[in-house]
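Residues per chain, in single letters:
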Amino acid sequence: KIYIHSLTRPTQSENPRLVPHRSRVQVHAGLPPHPDHTLECFLWRNFGQHSRMRVLHTVFVLTASLSLLLQTGSGQSSSEAPPPTRPPKQESVADIAQTVRPSLVKVTQVGREGPFGVGSGFVFSADGLIATNRHVIGEARRLKVETSDGRQHEVTEIVASDARLDLAILRVSTPGLIPLELGDSESLRQGEPIVAMGNPEGLAFSVVEGVISEPKRDVEGLPMIQVAVPIERGNSGGPLLDRQARVLGVLTLKSARTENLGFAMPVNALKKLLSKPNPVPMERWLTIGVLNPRFWQTLLGAQWTQRAGVIHVSQPGDGFGGRSLCLWMENPPEATFEATVTVRLNDESGAAGLTFCADGQNRHYGFYPTGGKLRLTRFDGPNVFSWKILQDLDSPAYRPGDWNRLRVRVEGTRILCFVNETQVMDLDDDGLRGGQAGLCKFRQTEASFKNFRLGSNLAEKPLPLEITREVKESMEALLSGRIPAETALDTFVLDPDSSRRLITERQRSLEKEAALLKDLGADLHRRAIREELAAELSKPEEQADLLRSALLLSKHDNPELDVESYEHGFGLMVRELQTEPEITADTGSAVNRLTRYLFEENGFHGSRSDYGNRSNSYINEVLDDREGLPITLSVVYLELARRLGIQGVAGIPLPTRFMVGHRNSATEPFSLVDVYDGGKALRMQEAVDLVSPSGLVPESSKRPASKRDIILRMIRNLIGQVNESRNSAPEMLPYLDLVLALDPAPNSERLTRALLREKLGDRAGARTDVLWLMEHLPESLTEEQRETLHQWLERLSR
């Protein structure tokens, strides 16, 4: 390569068509510029005819001169080592993004309902090779690859894949794609700057920078690159790059410990994978795990696959409500028959189980778990208006999140349903008969099935009494330490199937006992806190301790909390201030001093970026982090004022923003301190205008709140925060218990608790709440609402 560096500005010419550029230039070939490698020459830029030939002639002369200089001109011996090379230039993140973007791709799995499961990848070979994660491409699924210019590219082959390394190499049919250069992951150093690119949360072709936290971090037996950079869904498969835009690794997973920590598979592992490819043409890839059509017929879409005898289903079906069927093709059932399968749902809010008497279109029965309950439905058509729920119930025999054996028996007009060999339904319905049996699923459910059977009697056979006795005796001896495991195995191996079944039953029994004891301990703790909190707030207002009450509320959720240590630390804050002159002066001076102390000297502040975090509602964490909600910061302020003896300070419960009010006498209006805004002083109307666009709030919101009301408002904040979570019912119930222990009157929370209790299977508790509601019915209740409560009570009493 010839490099020409201009050392002087060109001269000017009066002829605009012929411009002589007299320049001193340095020329060199792969070596740093050297003073002895300098020529003085004319470069003629001719805008007329033959200009290209003249330029080429000039370049030829320069090249020849360079050759001569390199051989003879510098006086440097050819045996001498060349000068050291400069370190590679560090590119900016913007330059890297611009360079890498054309090589970055979005990889999407494609189902019957369209694209889903977005991930990332990158081109690393000009003949169309693309690197990504193994989990991004899934299994037996069509793939769509899109480059940053919006073009779609056909995947023709899975060149190589490795589930353990979580790497895959795809080939696309498009020629001329721009590849990225692969670096060397062995040369990585801790703290080295890096750039990551991908499609986080579907936001295509995004970039973020960070550093190498650890070049070789052992993760489940694999050396991985730990990076201080967030890796979100969709970033998987994207390139990890150095500051010369060379690929160092393939982004693969996010740390569970912190949001800003991720991992990448080293690029050298990708090179090894490429050196030993296991190519699968795309048409073959789509058959991996596909069900054998001799045995199974899938209807209404979804993704049904099989591995190691276990059938998996994912993606919504094409039927209404995401319905999809998978029917067994052999031996149509007789008039009297049984069907059974063992099923596990990945999410109990889904629905999947057995189907029977299916006509191969839209008519069939379904027996399946959904929402933690068991349901039997008759489907007489394509939509919800032609469906009839025959029975829907809870059963303690059903194990949420575990494998459960479902069994149905059809004999005459009767349908009997069992879960884990416990009969849960027995009803008459002859709306459908004949047809096929198989599997069904609904909505977004992902589920797994195994051991599907069809026959005349599929009930589990009772174990031989002698084997049962011997196995149970050996288990008890083993658990009590009287015999070693090897001795117990000598007994178990005589009938391994029966022994395994008994061991599994005992394991589940012990797990159930452990879970029951764990829940009992948690309930005991919460009940004790509930009673202690109610006792504290039942004291006269001037004697009740607001700080202790708030700490008890925190301890309700954190049994390990040391209330006394926080009370001691708070006492030190009081002692810091109690001798200061401003504190012992009038209320205004004391409030000013307290405001400076908290917000200027100690850094207490309102939470801005993480407002919904429950930590902001726990007073111990507010004291630790000096960050909180308006109401928790107000508790700190109010308790400091009370313990310092400052008169005329109270909590003002304005809607959406609790504040602290102060006045010198009971006849004066309150001035306010906005603790959420650094202790800003406000008049009452200014505060009202801040929280209400209309400038109006209820008069009760301008009057001081009692300590009980403050704690109730804090509990209701926690209920609101819990309500945003996916599985909120079990978490919300203890807070409703707290509210109703402190204030039995609110009908809305009593009604909510009744509904939650019924949902969680506590019919007796729900019945108690409904009875209370009926005994305290407001006069405004309509006859229709009263009748609804009566019907609810009757259902709970059955």
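Our structure's up above, just so we're on the same page.
These notes cover the structure that comes with them. Everything quoted here is computed from the prediction, not taken from an experiment.

**Quick notes on the overall build of the protein chain**
Next, step 1: Each helix and strand in the protein chain was counted, giving 20 helices and 37 strands.
Next, step 2: With 798 residues in all, the protein chain has 46% of them scored as buried.
Next, step 3: Contacts in the protein chain between residues at least 24 apart in sequence constitute 59% of all its contacts with a sequence separation of at least 6.
Next, step 4: A total of about 41400 Å² of accessible surface is found on the protein chain, and carbon and sulfur atoms cover 51% of it.

**Section: the sheet that holds strand S37 (residues 680-683)**
Next, step 1: One open sheet holds the four strands; their spatial order is S34-S35-S36-S37, and the pairing between them is antiparallel. What marks the edges here is a single partner per strand, and that holds for strand S34 (649-652) and S37. Across this sheet, the average inter-strand angle for adjacent strands is 35°, counted without regard to direction.
Next, step 2: Relative to strand S36 (residues 671-674), strand S35 (residues 659-662) runs antiparallel, the two being bridged by three bridges.

**Focus: the environment of Arg375**
Next, step 1: The residue Arg375 is located in strand S25 (residues 373-379) in this model.
Next, step 2: Residue Arg375 is classed as partly exposed on the basis of its relative accessible area, which comes to 22%.
Next, step 3: Spatially, the C-alpha atom of Arg375 lies 7.7 Å from that of Leu390, the residues being 15 residues apart in sequence.
Next, step 4: Setting aside residues up to four positions removed in sequence, Arg375 forms contacts with Gly366, Phe367, Tyr368, Thr370, Ile389, Gln391, Asp392 and Met425.
Next, step 5: At a separation of 3.0 Å, a polar atom in the side chain of Arg375 contacts the side chain of Asp392.

**Focus on the pattern of salt bridges**
Next, step 1: On inspection of all chains with the given rule, the structure shows 51 salt bridges.
Next, step 2: Where Arg414 meets Asp426, a salt bridge forms, and the shortest distance between an N and an O atom there is 2.5 Å. Placement of the pair is Arg414 in strand S28 (residues 414-419) and Asp426 in strand S29 (residues 422-428), with a sequence separation of twelve residues.
Next, step 3: The exposure class of Arg414 is partly exposed, given its relative accessible area of 29%.
Next, step 4: Residues Glu580 and Arg593 are paired through a salt bridge, measuring 2.4 Å at the closest nitrogen-oxygen approach. On the criterion of sequence distance, the pair formed by Glu580 in the loop between helix H10 (563-577) and helix H11 (581-584) and Arg593 in helix H12 (residues 587-601) is long-range, its members being 13 residues apart.
Next, step 5: Its relative accessible area of 22% is what places Glu580 among the partly exposed residues.

**What about the sheet that holds strand S20 (residues 310-317)?**
Next, step 1: Pairing in this open sheet of seven strands is antiparallel, and the strands run S19-S20-S31-S22-S27-S28-S29 from one edge to the other. Since the sheet does not close on itself, it has two edges, and those belong to strand S19 (301-307) and S29, each with one partner. This sheet shows a mean twist of 25° between the axes of neighbouring strands, independent of strand direction.

**Thoughts on the side chain of His662**
Next, step 1: Inspection of the secondary structure assignment puts His662 in strand S35.
Next, step 2: By relative accessible area, His662 is classed as buried at 15%.
Next, step 3: With residues near it in sequence (within four places) discarded, His662 still touches Thr587, Val591, Gly648, Val649, Pro669, Phe670, Ser671 and Val673.

**Remarks on unusual backbone geometry**
Next, step 1: Positive phi outside glycine occurs at Arg443, with the angle close to 55°.
Next, step 2: Looking at the element boundaries, Arg443 is found in the loop between strand S30 (436-442) and strand S31 (447-455).

**Concerning the packing of aromatic side chains**
Next, step 1: All told, the structure shown has 13 aromatic pairs when counted by the stated rule.
Next, step 2: Put simply, the rings of Phe320, Tyr368, Phe379, Trp387 and Phe442 pair up and form one aromatic cluster.
Next, step 3: The lysine or arginine in question, Lys450, covers the ring of Trp403, its NZ or CZ lying 4.3 Å from the ring centre.
Next, step 4: Above the face of the Trp772 ring, Arg750 is positioned so that its terminal group lies 4.2 Å from the ring centre.

**Some thoughts on the nonpolar core**
Next, step 1: With 62 residues, the main nonpolar core has Leu598, Val636, Tyr637, Leu640, Ile710, Ile711 and Ile715 as its most contacted residues.
Next, step 2: When contributions to this core are tallied by element, the ones reaching two or more residues are helix H8 (496-537), helix H9 (546-557), H10, H12, helix H13 (619-625), helix H14 (630-643), helix H16 (707-723) and helix H17 (729-742).
Next, step 3: In this structure, Leu354, Cys357, Val419 and Phe452 belong to the second largest nonpolar core, which totals 38 residues.

**Description of the packing of H8 against H17**
Next, step 1: Across the interface, H8 lies against H17 with an axial gap of 10 Å and an inter-helix angle of 30°. The orientation of H8 with respect to H17, classified from their angle, is roughly parallel. The two elements H8 and H17 cross, and the hand of that crossing is right-handed. On H17, the residues that touch Arg526, Arg530, Leu533, Ala534 and Leu537 of H8 are Pro734, Asp737, Leu738, Ala741 and Leu742.
Next, step 2: Across the contact of H8 with H17, the residue classes tally to seven nonpolar, no polar and three charged.

**Considering helix H18 (residues 747-759)**
Three- or four-residue spacings in an α-helix give side chains the same orientation, since the helix completes a turn every 3.6 residues.
Next, step 1: Compared with the 18 Å implied by 1.5 Å per residue over 13 residues, the 18 Å span of H18 between its first and last C-alpha is a close match.
Next, step 2: Inspection of H18 places Glu749, Arg750, Arg753, Ala754, Leu756, Arg757 and Glu758 among the buried residues, and these make up the whole buried set.
Next, step 3: The secondary structure elements touched by the buried residues of H18 are H16, H17, helix H19 (763-775) and helix H20 (783-797).
Next, step 4: A positive backbone phi angle near 90° is found at Gly761, which sits one or two residues after H18.

**Here's the deal with H17**
Next, step 1: For H17, built from 14 residues, the straight-helix expectation of 20 Å at 1.5 Å per residue is met to within 8% by its first-to-last C-alpha distance of 20 Å.
Next, step 2: The element H17 is largely enclosed, with a buried count of eleven among its 14 residues.
Next, step 3: Of all the positions in H17, only Ala729, Met732, Leu733, Pro734, Tyr735, Leu736, Asp737, Leu738, Val739, Leu740 and Leu742 are classed as buried.
Next, step 4: For H17, the elements touching its buried residues are H8, H9, H16 and H18.

Quick notes on the rules
- Residues numbered from 1 in each chain as written.
- Predicted model: local features only at pLDDT ≥ 70, side-chain atom pairs only at ≥ 80, totals over all residues.
- Heavy atoms only, no water.
- Helix = DSSP H or I, 4+ residues; strand = E, 2+ residues; numbered from the N terminus.
- Buried < 20%, exposed > 50% of the residue type's maximum accessible area, 1.4 Å probe, protein only.
- Contact = heavy atoms within 4.5 Å.
- Areas by Shrake-Rupley, 256 points an atom, 1.4 Å probe, with all protein chains shown as cover.
- Pairing = 2+ DSSP bridges.
- Axes fitted to C-alpha atoms, helices over the stretch in contact; angles between N-to-C directions.
- Polar contact = N/O pair within 3.5 Å; in protein donor to acceptor, adjacent residues only side chain to side chain.
- Salt bridge = Lys/Arg side-chain N within 4 Å of Asp/Glu carboxyl O.
- Phe/Tyr/Trp six-rings, centres within 6.5 Å; stacked < 30°, edge-to-face > 60°.
- Lys NZ or Arg CZ within 6 Å of the ring centre and 35° of its normal.
- Core = buried A, V, L, I, M, F, W, Y, C linked by side-chain atoms within 4.5 Å.
- Parallel < 35°, antiparallel > 145°, perpendicular 65-115°, else oblique.
- Left-handed = near helix turned anticlockwise from the far one by under 90°.
- Nonpolar A, V, L, I, M, F, W, Y, C, P; charged D, E, K, R; others polar.
- Expected span 1.5 Å × (residues − 1).

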